[in-house]
Amino acid sequence: MKKHLSILIPVYNESCYDFVKKLEIMCAMTQETHHLEDYEIIVADDASTMKDCVSANRAINDMPHCRFIEKEQNTGSAATRNFLAQKSRFEWLLFLDSDMVISHEDFLARYIECEAAGVINGGICIGEGPKGNLRHLYEKHCERQHTAQQRALRPYHSFRSTNFLIARDLMLRCPFDERFKKSGYEDVMLGRQFIEQSVDICHINNPLMMTSFEDNEAFMEKTERNLRTLYTFRKELAGFSQIADAHVCVRPFIRLWHRLFGGIERRNLCSSKPHLWVYQAYRLGYYLSLKDDSFGRMTFSS
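Residues numbered from 1 in each chain as written. Predicted model: local features only at pLDDT ≥ 70, side-chain atom pairs only at ≥ 80, totals over all residues. Heavy atoms only, no water.

Caption draft 1: Here's a closer look at the pairing of strand β2 (residues 38–45). Along β2, seven of the eight residues are buried, which leaves the element largely enclosed by surrounding structure. Where strand β1 (residues 4–11) meets β2, eight bridges bridge the pair, whose relative direction is parallel. Bridge assignment links S6 to a residue of β2, and that residue is E40. On the question of chirality, the crossover connecting β1 to the parallel β2 by way of helix α1 (residues 17–33) is right-handed. Relative to strand β3 (residues 66–70), β2 runs parallel, the two being bridged by five bridges. Looking at β3, one finds that D45 is bridged to E70. The parallel pair β2 and β3, bridged by helix α2 (residues 51–57), forms a crossover whose chirality is right-handed. (Buried < 20%, exposed > 50% of the residue type's maximum accessible area, 1.4 Å probe, protein only. Helix = DSSP H or I, 4+ residues; strand = E, 2+ residues; numbered from the N terminus. Pairing = 2+ DSSP bridges. Right-handed = clockwise from strand over helix to strand, strands pointing away.)

Given below as structure tokens:
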């Protein structure tokens with residue numbers, strides 16, 4: 001039984017007041033029904049540029065047990081999560097992404113009642129999305145991999161930071177790698193670190209629901225950014241990404257394909273009728289076209 005809980009939420013250009021309000025109500029109810037003795041909810045804003053979001057989130061400070069912290073400099077999601085862990089007071093830390101939705105009323109109870117130590121990963125499920133939205137199509141296609149049973153087959157490779165509980169002393173001993181300045185693959189790296197530290201990961205059925213999906217152009221920009229991040233850390237993440245582990249013999253063909261058809265593929269993916277197989281082909285081609293120049297800077301192969 002987890003009796004003392006710090007709920008930690010990194011936020012950037014997102015209003016999460018309603019999300020925090022629901023969590024605070026659930027915490028108060030859980031105190032009565034599941035013997036939660038004390039809790040806190042801390043939201044850390046990573047120097048958002050959308051001031052209306054910051055202004056809306058300041059009202060979080062008016063809720064009991066809640067704090068909204070405004071960071072002066074943008075340091076990235078990995079550093080913000082480490083910052084939140086350092087600011088926390090209690091022995092168990094529940095990290096949640098701010099753009100998710102709590103889909104069942106016993107969300108906190110499932111974590112509190114879980115007897116596992118170390119790391120407990122709750123997973124995600126996918127809600128309804130706009131027609132022709134590439135992010136929704138992709139996440140819905142991958143949803144079958146998000147079940148607790150599937151995640152447990154490869155517990156370290158399946159770890160994601162969207163929704164997980166961790167012992168505070170473990171988080172401080174094994175923090176996120178702050179070389180990751182943007183979101184993307186920092187949780188994959190942490191899963192790799194858990195292997196090295198012999199940390200147990202328990203995957204349970206306790207998902208948050210994804211209901212927010214950026215438009216196709218924004219998702220493609222995020223995809224390309226994440227692939228550049230993967231390329232930078234490709235040696236350390238070997239074995240944790242099918243794209244990074246693509247066999248060398250197919251690379252010349254895929255690079256040629258991407259050079260000839262990458263632009264056409266991208267136009268399809270930013271249209272109102274994107275195709276998932278095109279997305280998979282584009283990702284692989286984009287990644288395999290990355291290379292380092294003689295100064296170690298990332299460029300594209302011609």
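Caption draft 2: Summary view of the sheet that holds strand β7 (residues 124–126). Here we have three strands laid out as an open sheet, ordered β5-β10-β7, and mixed in their pairing. Each end of this open sheet is capped by a strand with a single partner; those strands are β5 (100–102) and β7. When strand polarity is set aside, the average angle formed by the axes of neighbouring strands in this sheet is 40°. As judged from the three bridges shared by β5 and strand β10 (residues 208–210), these two strands associate in the antiparallel manner. By the bridge assignment, V101 is partnered in β10 with M209. (Axes fitted to C-alpha atoms, helices over the stretch in contact; angles between N-to-C directions.)

Caption draft 3: Molecular detail of the packing of aromatic side chains. Per the counting criterion, the structure on display carries 14 aromatic pairs. Between F159 and F164, the ring centres sit 5.0 Å apart and the planes meet at 80°, which makes this aromatic pair edge-to-face. A single burial state applies to F159 and to F164, both of which are buried. An aromatic cluster is defined as three or more aromatic residues linked by ring pairs; in this entry it consists of F95, F159, F164, F176 and F194. Positioned above the aromatic ring of F83, the side-chain terminus of K71 is 5.7 Å from the ring centre. Here the basic side chain of R234 rests over the ring of Y231, its NZ or CZ set 3.9 Å away from the ring centre. (Phe/Tyr/Trp six-rings, centres within 6.5 Å; stacked < 30°, edge-to-face > 60°. Lys NZ or Arg CZ within 6 Å of the ring centre and 35° of its normal.)

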